[in-house]
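One letter stands for each residue in the lines below.
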Amino acid sequence: MAEPKRLSKKVIVILLVVLIGGGILICAGIWRERTKNSVPSGYNRHDYEKVVSFLEQKDEAGVKNGTKINKKYNRNDPSTWSYQDGSLTRGVNWTDSKSNKRVLTVDFDSKEGLCGNLDLRDCTELKEVYSQNGKLTELHVEGCSALESVWCGNNQLHSLDLSTNKKLWNLVCASNS
């Protein structure tokens, strides 16, 4: 009769280990998903997600645009979305606001091979976009009411809608195929 009690204790211990282990895995998955989709404090969610969407796109070799911009790229750390080019800091620059940072400039001009769809629609503080000599297939800047300058030559763009960009005065868009 003692044998069934031991078996029951073993079964209970195994079930507890499985339940606790499963709970830990579920919590880790939820935390990973929340971290993946979180926006750092002080950044505008819309602008942040627009930029992350582009930086997370991969080329045919599986290399993310973000990694091409900065080897230390981290989707959760906007400070890694920039790089030094001589004395210039290029990449994604934000407004100075402490509570609602908006994209101010996107300057990937010296980074060749950036690919995919750069969708910056409705980034209302965006003033400048520089992304030449890449493999951009789409560039969307509709609703960027502060946009003044776009340099997007030598990419793979077939169209570009600038009809809502009333402040735009500088456009370089040659040699797209």
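Note that the structure is a prediction, hence the values are computed from the model and not measured. (Residues numbered from 1 in each chain as written. Predicted model: local features only at pLDDT ≥ 70, side-chain atom pairs only at ≥ 80, totals over all residues. Heavy atoms only, no water.)

Visitor: Which residues make up the pattern of salt bridges, and what are the values?
Guide: This model, assessed by the stated rule, comprises 11 salt bridges. Here Lys 50 ties to Asp 119 by a salt bridge, and the two come within 3.2 Å at their closest N and O atoms. Here Lys 50, found in helix 2 (residues 45-55), pairs with Asp 119, found in strand 4 (residues 115-119); they are 69 residues apart in sequence, far enough to count as distant. Lys 50 sits in the buried class, given a relative accessible area of 19%. Asp 119 sits in the buried class, given a relative accessible area of 14%. Taken together, the shared-partner salt bridges connect Lys 50, Asp 119, Arg 121 and Glu 142 into one network. (Salt bridge = Lys/Arg side-chain N within 4 Å of Asp/Glu carboxyl O. Helix = DSSP H or I, 4+ residues; strand = E, 2+ residues; numbered from the N terminus. Buried < 20%, exposed > 50% of the residue type's maximum accessible area, 1.4 Å probe, protein only.)

Visitor: Could you give an account of the packing of aromatic side chains, naming the residues involved and the relevant values?
Guide: Counted under the stated rule, the structure contains 6 aromatic pairs. Ring plane angle 35 degrees and centroid distance 5.1 Å describe the contact between Tyr 48 and Trp 81, whose orientation is recorded as tilted. Of this pair, Tyr 48 sits in helix 2 while Trp 81 sits in the loop between helix 3 (65-69) and strand 1 (82-85), and the two are 33 residues apart along the sequence. Looking at Tyr 48, the relative accessible area reads 2%, which means it is buried. By relative accessible area, Trp 81 is classed as buried at 0%. Connected via pairs of aromatic rings, a cluster forms that spans Tyr 43, Tyr 48, Trp 81 and Trp 94. It is Lys 111 that lies over the ring of Tyr 83; its NZ or CZ is 4.5 Å from the centre. (Phe/Tyr/Trp six-rings, centres within 6.5 Å; stacked < 30°, edge-to-face > 60°. Lys NZ or Arg CZ within 6 Å of the ring centre and 35° of its normal.)

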